[in-house]
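Each chain, written out:
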Amino acid sequence: MKELGRLITAMVTPFKDDGSIDFEQTKRLAKALVASGSDGIVVAGTTGESPTVTWEEEHALFKAVKEAVGNKARIIAGTGSNSTAEAVENTIKAEKLGVDAALLVVPYYNKPTQEGLYRHFKAVADATTMPIILYNVPSRTITSLSAETTVRLSKIPNIVGTKEASGNLGEIARIIDETQKMRPDFTVWSGNDSDTLPMMAIGAHGVISVASHLVGLQIKQMMESFAAGKLDEAAALHRHLTPIFNNLFVVANPIPVKYALNYIGFRVGAPRLPLVEPDEKTAAFIRETLKGYRIDLPLN
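Residues numbered from 1 in each chain as written. Predicted model: local features only at pLDDT ≥ 70, side-chain atom pairs only at ≥ 80, totals over all residues. Heavy atoms only, no water.

### Quick look at helix α1 (residues 23-35)
End to end, α1 covers 18 Å across 13 residues, agreeing with the expected 18 Å (1.5 Å per residue, within 8%). All of the buried residues in α1 are Q25, T26, L29, A30, A32 and L33. In a view along the axis of α1, the buried residues occupy a sector of 165°, so they form one face of it. In α1, the exposed residues that point more than 90 degrees away from the buried face are E24 and A35. (Helix = DSSP H or I, 4+ residues; strand = E, 2+ residues; numbered from the N terminus. Expected span 1.5 Å × (residues − 1). Buried < 20%, exposed > 50% of the residue type's maximum accessible area, 1.4 Å probe, protein only. Arc of directions from axis to C-beta.)

Have a look at this one:
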């Protein structure tokens, strides 16, 4: 399912001043992301503040973004939960709304075993015909999806890939090596912008990105240069982009990227509590970072 895209943006959720979702800005942002290089858009993932967006709001977001971009990009719904029953229900609803795939995060807080993780993802996959992307982000979930469990899950036909944000290149290399032997279409995306080029060097396909809100065309150029064998060019672009990759995580995502979007003139509102806007020291650090970059996102 590599046609889901090489550059996928995990989109923020724009809010109005009263905290409600700004659906017009949501549609405008989705179109702008496509114009700045995104092949796909994750809606209501971590960057989209899924912990504080209700199921009903998520479904409205899936519908709005699909309507906005049509067939110009793949829409990937963040339907994961630490409740298997809720993840199943949400994924079924997303499929009915016409999204292209679902992103399922490792269940958080309740600390399942690897067998529990396998059964959780299998239950969701069995309930839908949609492509499923696993999402391993142990810095958020505590529990990490092991390489062994990922390889085991790759045998389920509609589990088509994984977003790996563990930063464990050894485990990721094992996933790529073992899945490619039996299922070459199983796709690995980097879940950390700073890991994209190193992961592509060991066989990953692309990235599910946060920084692509701002420098999407440059990220895409970096990946295309690597894929074309222009290694020096790709490395130079990676080095140039590394500060923005890192500095957008100076505090919890999506606080910095939302601040950055507001600052450049693309209003997406403040995060929902318990997340808050950055303090002035952090805001100044983000502003200083932005000075070093051309912004690819169209503002008009």
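### What to know about the packing of helix α2 (residues 55-69) against helix α3 (residues 84-96)
It is the contact of α2 with α3, at a shortest axis distance of 10 Å, that shows an interaxial angle of 30°. Taken together, the axes of α2 and α3 lie roughly parallel to each other. The way α2 lies across α3 gives a crossing that is right-handed. Counting all contacts with α2, which are made through W55, E58, H59 and F62, the residues of α3 involved are E86, N90, K93 and A94. (Axes fitted to C-alpha atoms, helices over the stretch in contact; angles between N-to-C directions. Parallel < 35°, antiparallel > 145°, perpendicular 65-115°, else oblique. Left-handed = near helix turned anticlockwise from the far one by under 90°. Contact = heavy atoms within 4.5 Å.)

### Remarks on the pattern of salt bridges
Applying the stated criterion to the full structure yields 15 salt bridges. Between K258 and E49 there is a salt bridge whose closest N-O contact spans 2.8 Å. In this pair, K258 is assigned in helix α11 (residues 255-264) and E49 in the loop between β2 (40-43) and α2, connecting sequence segments 209 residues apart. An identical accessibility class is assigned to K258 and E49; each is buried. When salt bridges that share partners are traced, they join K66, R74 and D100 into one network. (Salt bridge = Lys/Arg side-chain N within 4 Å of Asp/Glu carboxyl O.)

### Section: the side chain of S190
Assignment of secondary structure puts S190 in strand β7 (residues 187-190). Under the relative-accessibility criterion, S190 is labelled buried at 0%. A polar atom in the side chain of S190 sits 2.6 Å from the backbone oxygen of N192. Discounting chain neighbours no more than four positions away, the residues touching S190 are K163, E164, D195, T196, M199, G206, V207 and I208. (Polar contact = N/O pair within 3.5 Å; in protein donor to acceptor, adjacent residues only side chain to side chain.)

### A closer look at the pairing of strand β5 (residues 132-136)
Within a regular strand, side chains alternate between the sheet's two faces. With 5 of 5 residues buried, β5 is to be regarded as a mostly interior element. Neither face of β5 is open: one carries I132, L134 and N136, the other I133 and Y135, and all of them are buried. Sheet topology places strand β4 (residues 101-105) next to β5; 4 bridges connect them, and they run parallel. Among the inter-strand pairings, A102 is bridged to a residue of β5, identified as I132. Tracing the backbone out of β4, into helix α4 (residues 114-126) and back to the parallel element β5 gives a crossover that is right-handed. (Pairing = 2+ DSSP bridges. Right-handed = clockwise from strand over helix to strand, strands pointing away.)

### Quick word on the UniProt feature "binding site: pyruvate" (unreviewed entry) in the chain
UniProt records the feature "binding site: pyruvate" (unreviewed entry) at T47 and I208, using the numbering of this structure. Look at the named residues: they lie 162 residues apart in sequence, but the longest C-alpha span between them is just 10.7 Å, so in the fold they bunch up. Within the fold, T47 resides in the loop between β2 and α2. Setting aside anything within four residues of it in sequence, one finds T47 in contact with A10, M11, V12, T13, V210, H213, N253, P254 and V257. Leaving out residues up to four positions away in the same chain, I208 has contacts with I8, A10, V42, K163, W189, S190 and G191. (UniProt positions renumbered as here; feature names shortened; annotations may be inferred.)

### A word on the UniProt feature "active site" (unreviewed entry) in the chain
Residues given the UniProt feature "active site" (unreviewed entry) here are Y135 and K163. These annotated residues cover 29 residues of sequence, and their C-alpha atoms lie no more than 4.7 Å from one another, placing them together at a single site. Residue position: Y135 is located in strand β5. Setting aside anything within four residues of it in sequence, one finds Y135 in contact with T46, L103, L104, V105, V106, K163 and A165. Given the relative accessible area of 5%, K163 is considered buried. Not counting the four nearest positions on each side in its chain, K163 is found in contact with L103, I133, L134, Y135, N136, W189, S190, G191 and I208. A distance of 3.5 Å separates polar atoms of two side chains, one belonging to K163 and the other to Y135.

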